[in-house]
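# Coordinate analysis (summary)
So the chains spell out like this:
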Amino acid sequence: MKKIYLIVMMASLLASGCSKDFLTNDPTSILKTDQVFGSKELAFSALADLYKGYVDLQTITNWSEFTNYDEAFPSEAGNYWRVQQTDYPYDWWSIWNYDYIRHINIYIERCRASKALADEDKQRFIAEARFLRAANYFELVKRMGGVPIITEPLTYDYNGDPSYLQHARAKESEVYDFVLAELDTAQQYLPDDAGVQDRASKGVCLAMQSRAALYAASIAKYGAMTPSVSLPGGEVGIPTAEARKYYEISRKASLTLVNSHKYSLYMKKPEDLSDNFAALFYDKSNNPEVIFAQNFKLKSGTIEAWTLNNQPRAIAEEAQGGRLNPTLNLALKYETLDNKYTPFVLKNGADYAYYDQETDIFKNRDARLAGTFILPGSQFKGKDVDIWAGYYVAATGRIITSNVFGGLAQLPGRNYKEKVVGGSGPIDGLEFGAQTGFYVRKFMDPATGSGQIGTQSEVWWVRYRYGEVLLNLAEAEFELGNKDSAAIFLNMIRRRAGFKTDLTPTQITFDRIVHERRVELAFEGHELFDNKRWRIAHKVWNGQSISITDLDNGIGKAAAPNTMAYGLWSYKVYAPGTANDGKWIFKVVKPSEVTAAHRFQTGNYYSKINQDIISNNPKIVKNPNQ
């Protein structure tokens, strides 16, 4: 990367015409290295390009990735295969993006060599580049295990022998150590300012250390449960004896951030804790919880389509939406406010349980349920979402519905047609509607226009937030044997969700730690990597079909199988002249497109390294069980 091409203006080049000096003149539309690193503004522009290379697996710009596991169902025909595929391919989640690392290394080298930039600017820019490199190595080690650690630009000298460019994989623990050390260095030169949320700061370095060390610790402790998931050279697997060290590093980073008092849990809407939880993810004004986010801005070419893709169909601003449907599997995890894992009540003896209002079945539950889901009977953007599956004719048990959104039919005893299904569904097999009975609320933008193709949204993608740091701290304290402290930090999160009675230290278990992360961090990209580091992914996605009874019995159990997406549909009761007329009943459904049970094999714990990489570098060893 001798030259960084910021702007290429071919039109002006062509307009200059041809002359005999054309091939020897310096181009006027290309900036040379010394020009880029001779200007603070241009050096920052080049750094901004590096930020664009930050890698996420699940984000709000690729909604379908959230439907691969058990949090959501894909209500789009082109993505039904995600719930019809049993095995996860070994190369899923694979990355080997050394081109990006090379760009970062070149940036650091050139920035360091610059004599024009002020020392203060150089230090910050280099620290940001090192943060981005650490973030990328963290992503690599999560997916691939140990990888070559390259910190200098490598250049082929065309001597016919590329062996000096071929580096072996580092141990998995060495990559984690590298990430943690780089973050230690970078934070010394980054602003200690909670207002810096879309660039690197000291806060995000600590938050990433909190998470990365927790991952390393978990692999060291729980890796013993899957002994075949290891390599003799340490490229995969971390010795059990290392677990405590990493838990302590995670605990220290989390405590440093907590004791800085620069961040806090979002509580701008205490009068409605579900609204408060939803607002945490779209409120970009002095948000005290967000530590690091990918930002978007309207009318700037950096917008995102999460709301456009997932808005309730009945109130959509365009003929778009309804793609990502949260599952009943996830909804069941939200406790009742008496701290109990309670399945939804569908029956009263042999009869259905009848509810006066459609929302009544969800009452007195963890506020995060209605903050994460758009529930039947609720509103979005001040409008009724209109989710109901049809009429239940009590006298006969017959269901009257339609196969189109808001479709019409005639009820018994009436001589006219009327609406018999919600404008947002659910209708089995009809894409872009709530086939599980739910829409997603987390990250949804309530602003007018966010559901329009021509406008869309500038809601940010939150990569690190204070709430996760508290959960990391609770888990580290639990694993270090400090249950009293673990309870304190876990209860801070739960009080915000509306729980009045704290959990006691004796109630803090591994299952409880796992449960709290699943409900707090749903749709934030944690589920896959959490289940991998705890070495329970092959148990949760074991390839076995499950029933609703299995789901009910598995609430609160970390390793309970969760392989198939289920939904919960509401029906309006038609029983003229009886007390139940106009009330609501609910039925569990499994969308007919769900035909396979997910299976995560031991070979999935670390993604496959493609053969072309191994052919080009014989020092690279394969990952196990593939």
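Just so it is clear, the model here is predicted, and its values are computed rather than measured.

## Here's the deal with the overall build of the chain
Across its full length, the chain carries 19 helices and 18 strands. Scaling as 2.2 N^0.38, a compact globule of 626 residues should have a C-alpha radius of gyration of about 25 Å, and the chain matches this with 27 Å. The principal-axis extent of the C-alpha atoms belonging to the chain is close to 90 × 65 × 50 Å. Put simply, the chain has 626 residues, and 56% of those count as buried. The contacts of the chain with a sequence gap of at least 6 include a subset with a gap of at least 24, amounting to 71%. Of the side-chain charges in the chain, 72 are positive and 72 negative, and the distance between the mean point of each set is 1 Å.

## Let's talk about helix α14 (residues 483-496)
The end-to-end C-alpha distance of α14, which contains 14 residues, comes to 20 Å, matching closely the 20 Å that a straight helix rising 1.5 Å per residue would cover. Three or more residues of α14 are buried, namely Ala 486, Ala 487, Phe 489, Leu 490, Asn 491, Ile 493, Arg 494 and Arg 496. Among the structural elements, α8 (243-260), α9 (273-282), α12 (367-372), β16 (461-465), α13 (466-479) and α15 (510-520) are those in contact with the buried residues of α14. The first or second residue beyond α14 is Gly 498, which carries a positive phi of 105°.

## A short note on the sheet that holds strand β18 (residues 584-589)
As summarised here, the arrangement of the 4 strands in space is β12-β11-β17-β18, forming an open sheet in which the pairing is mixed. Edge strands, defined here as strands with exactly one partner in the open sheet, are β12 (398-400) and β18. Within the sheet, the average angular offset between the axes of one strand and its neighbour, ignoring direction, is 40°. In terms of strand pairing, strand β11 (residues 390-393) meets β12 through 3 bridges, oriented antiparallel. Of the residues in β12, the one forming a bridge with Tyr 391 is Ile 400.

## Digging into the state of the cysteines
With the rule as written, the count across this model stands at 0 disulfides. With no disulfide of its own, Cys 111 lies closest to Cys 205 among cysteine sulfurs, the gap being 16 Å.

## Here's the deal with helix α6 (residues 172-187)
In this model, α6 (16 residues) spans 23 Å end to end at C-alpha, consistent with the 22 Å of a helix rising 1.5 Å per residue. Turning to α6, its buried residues number three or more, namely Glu 172, Ser 173, Val 175, Tyr 176, Phe 178, Val 179, Leu 180, Glu 182, Leu 183, Ala 186 and Gln 187. If you follow the buried residues of α6, they end up packed against α5 (119-144), α7 (202-222) and α8.

## Concerning the side chain of Thr 372
Within the fold, Thr 372 resides in helix α12. Using a relative accessible area of 0% as the deciding quantity, one classes Thr 372 as buried. In this structure Thr 372 touches Phe 277, Tyr 334, Val 440, Arg 441, Lys 442, Ala 522 and Phe 523, once residues within four positions along its chain are discounted.

## Description of the packing of α7 against α8
Relative orientation of the contacting elements α7 and α8 amounts to 160°, with a least axis distance of 7 Å. On the basis of the axis angle, α7 is roughly antiparallel to α8. Handedness of the α7/α8 crossing: left-handed. A breakdown of the residues in the contact of α7 with α8 according to their chemical character gives 14 nonpolar, 7 polar and 1 charged.

## A few points about a nonpolar patch on the surface
A surface patch of nonpolar side chains, amounting to about 360 Å² of accessible area, comprises Tyr 156, Tyr 158 and Tyr 164. Topologically, Tyr 158 is positioned in the loop between α5 and α6. Judged by relative accessible area, which is 71%, Tyr 158 ranks as exposed.

## Examining the pattern of salt bridges
What the rule picks out here adds up to 41 salt bridges. The salt bridge involving Arg 368 is made with Glu 516; its shortest N-O contact spans 2.7 Å. Remark: Glu 516 occurs in helix α15 and Arg 368 occurs in helix α12; sequence separation between them is 148 residues. Taken together, the shared-partner salt bridges in this structure form one network comprising Glu 289, Glu 335, Asp 366, Arg 368, Lys 442, Arg 465, Arg 494, Arg 496, Arg 512, Glu 516, Glu 520 and Glu 524.

## Observations concerning the environment of Val 175
Structurally, the position occupied by Val 175 is in helix α6. In contact with Val 175, other than residues within four places in its own chain, are Tyr 137, Val 141, Gly 146, Val 147, Ile 149 and Ala 170.

## A closer look at the pairing of strand β4 (residues 290-294)
Of all 5 residues in β4, 4 are buried; the element is thus mostly enclosed. Across 4 bridges, the pairing between β4 and β16 is antiparallel. Each residue of the ladder has a partner; that of Phe 292, found in β16, is Tyr 464.

## Notes on the confidence of the model for the chain
Mean pLDDT over the chain works out to 94, with 95% of the residues at or above the 70 mark. For residues 1-24, every residue scores under 50 in pLDDT, and the model assigns this stretch 23 contacts once sequence neighbours within four places are set aside.

## Some details on the packing of aromatic side chains
Summed over all chains, the structure comprises 39 aromatic pairs. Relative to Trp 93, the ring of Trp 92 has its centre 6.0 Å away and its plane inclined at 80°; by these criteria the two rings are edge-to-face. Looking at Trp 92, the relative accessible area reads 17%, which means it is buried. By relative accessible area, which is 6% here, Trp 93 ends up buried. Look at Trp 96 and Tyr 98: their rings are 5.5 Å apart centre to centre, the planes differ by 55°, and that puts the pair in the tilted class. According to the relative accessible area criterion, Trp 96 is partly exposed, its value standing at 21%. Three or more aromatic residues joined by ring pairs make a cluster, and in this case those are Tyr 69, Trp 81, Tyr 88, Trp 92, Trp 93, Trp 541, Phe 600 and Tyr 605. Positioned over the ring face of Phe 499 is Arg 494, at 3.9 Å from the centre of the ring.

The rules behind these values
- Going along each chain's sequence as written, the residues are numbered from 1 onward.
- Whole-chain, interface and lining totals are the exception, using all residues; otherwise, since this is a predicted model, local features are given only for residues with pLDDT of at least 70 and side-chain atom pairs are given and counted only at 80 or more.
- By convention in this description, side-chain values take in all heavy atoms of the structure and omit both hydrogens and water.
- Strands are runs of DSSP state E lasting at least two residues, helices are runs of H or I lasting at least four, and both sets are numbered from the N terminus onward.
- The atom set for the radius of gyration is the C-alpha atoms, and the globule formula is 2.2 Å times the number of residues raised to the power 0.38.
- We call a residue buried when its accessible area falls under 20% of the maximum for its residue type, exposed when it is over 50%, and partly exposed in between, using a 1.4 Å probe and counting protein chains only.
- Contact definition: two residues touch when any of their heavy atoms are within 4.5 Å.
- Residues scored as charged are limited to Lys and Arg (positive) and Asp and Glu (negative), so that His and the chain ends carry no count.
- Here the site of a charge means atom NZ of a Lys, CZ of an Arg, CG of an Asp or CD of a Glu.
- Under the convention used throughout, the expected extent of a helix is 1.5 Å for every residue step, that is, one less than its residue count.
- Pairing between strands is defined by DSSP: at least two bridges between the two strands are required.
- To define axes, lines are fitted to C-alpha atoms, for helices over the stretch in contact only, and angles between the resulting N-to-C directions are given on a 0 to 180 degree scale.
- Our working definition of a disulfide is a cysteine sulfur pair at a distance within 2.5 Å.
- Angles are sorted into four bins: roughly parallel if under 35 degrees, roughly antiparallel if over 145, roughly perpendicular if 65 to 115, and oblique for all others.
- Crossings are classed by handedness, with left-handed meaning an anticlockwise turn of the near helix from the far one by less than a right angle and right-handed meaning a clockwise turn.
- The residue classification treats Ala, Val, Leu, Ile, Met, Phe, Trp, Tyr, Cys and Pro as nonpolar and Asp, Glu, Lys and Arg as charged. All others, Gly included, are polar.
- Patches draw on residues past 30% relative accessible area with no salt bridge. Two like charges within 9 Å are joined, as are two nonpolar side chains (Val, Leu, Ile, Met, Phe, Trp, Tyr) within 5 Å.
- Areas reported here follow the Shrake-Rupley algorithm with a probe of radius 1.4 Å; residue values treat only the protein chains shown as occluding.
- What makes a salt bridge here is a side-chain nitrogen of Lys or Arg within 4 Å of a carboxyl oxygen of Asp or Glu, nothing more.
- For every residue, the predictor assigns a confidence score, pLDDT, that lies between 0 and 100.
- Stacked, edge-to-face and tilted are the three classes for Phe, Tyr and Trp ring pairs, Trp counted by its six-membered ring, which pair at centre distances within 6.5 Å; planes under 30 degrees apart are stacked, over 60 edge-to-face, the rest tilted.
- In this scheme, the term charge over a ring applies when either NZ of a lysine or CZ of an arginine sits within 6 Å of the ring centre and within 35 degrees of the ring normal.

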